[in-house]
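Here's the letter readout for the chains.
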Amino acid sequence: VAEAAHCATGKSVRDLKSLHKLVIEAARRKDPQLYVQRDFAWHEAIWSLSGNEVLAGTLRRLVLPLFGFSIMQVVSQPSFDLLEDARLHAPILLAIERNDAAAAVAARRARRRA
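Residues numbered from 1 in each chain as written. Predicted model: local features only at pLDDT ≥ 70, side-chain atom pairs only at ≥ 80, totals over all residues. Heavy atoms only, no water.

1. Quick word on the confidence of the model for the protein
So, step 1. In the predicted model, the protein carries a mean pLDDT of 90, and 96% of its residues have values of at least 70.
So, step 2. Of all secondary-structure elements in the protein, the lowest mean pLDDT belongs to helix H4 (residues 53-76), at 82, while helix H2 (residues 10-28) reaches the highest, 97. (pLDDT = per-residue confidence, 0-100. Helix = DSSP H or I, 4+ residues; strand = E, 2+ residues; numbered from the N terminus.)

Written out as structure tokens, the structure is:
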């Protein structure tokens, strides 16, 4: 997220905002499978935005199976709040938009603890 914040442009931020809206929409529809697909797309866009293709490719290979596992987790826990989870992306998006690498890292760490 730090490198994404450094590399963010107006267009890339608009693209991330569009992806975030799709994540929110899937959460509102209470569609966990669609939510996880769109959430993965959101993360993948951030990895690509970093400008480090080796990092982005490595994360795709490593994290994709984890997203597959998370769909099973989300579906099996009806109390999991998709909308709240989607909203936790907003501080990361804001930090990237402001090109604030330190805030992006702090927002990512805070999301992980949530």
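Continuing now.
2. Thoughts on the packing of helix H3 (residues 32-49) against helix H6 (residues 90-97)
So, step 1. Viewed as axis vectors pointing N to C, H3 and H6 meet at an angle of 25 degrees, and their least axial separation amounts to 13 Å. The angle between the axes of H3 and H6 places the two elements in the roughly parallel class. The chirality of how H3 crosses H6 is left-handed. Between H3 and H6, the residues in contact are Trp42, Ile46 and Leu49 and Ile92, Leu93 and Ile96, respectively.
So, step 2. Residues that form the contact of H3 with H6 fall into these classes: 6 nonpolar, no polar and no charged. (Axes fitted to C-alpha atoms, helices over the stretch in contact; angles between N-to-C directions. Parallel < 35°, antiparallel > 145°, perpendicular 65-115°, else oblique. Left-handed = near helix turned anticlockwise from the far one by under 90°. Contact = heavy atoms within 4.5 Å. Nonpolar A, V, L, I, M, F, W, Y, C, P; charged D, E, K, R; others polar.)

3. Description of H2
So, step 1. Between its first and last C-alpha, H2 extends 27 Å over 19 residues, near the 27 Å set by a 1.5 Å rise per residue.
So, step 2. Listing the buried residues of H2 in full gives Ser12, Val13, Leu16, His20, Val23, Ile24, Ala26 and Ala27. Along the axis of H2, the buried residues cluster in a sector spanning 160 degrees; they form a single face. In H2, the exposed positions that point more than 90 degrees away from the buried face belong to Lys11, Arg14, Lys21 and Arg28.
So, step 3. Those residues of H2 that are buried are in contact with H3, helix H5 (82-87) and H6.
So, step 4. Looking at the residues trailing H2, positive phi occurs at Lys30, about 55 degrees. (Expected span 1.5 Å × (residues − 1). Buried < 20%, exposed > 50% of the residue type's maximum accessible area, 1.4 Å probe, protein only. Arc of directions from axis to C-beta.)

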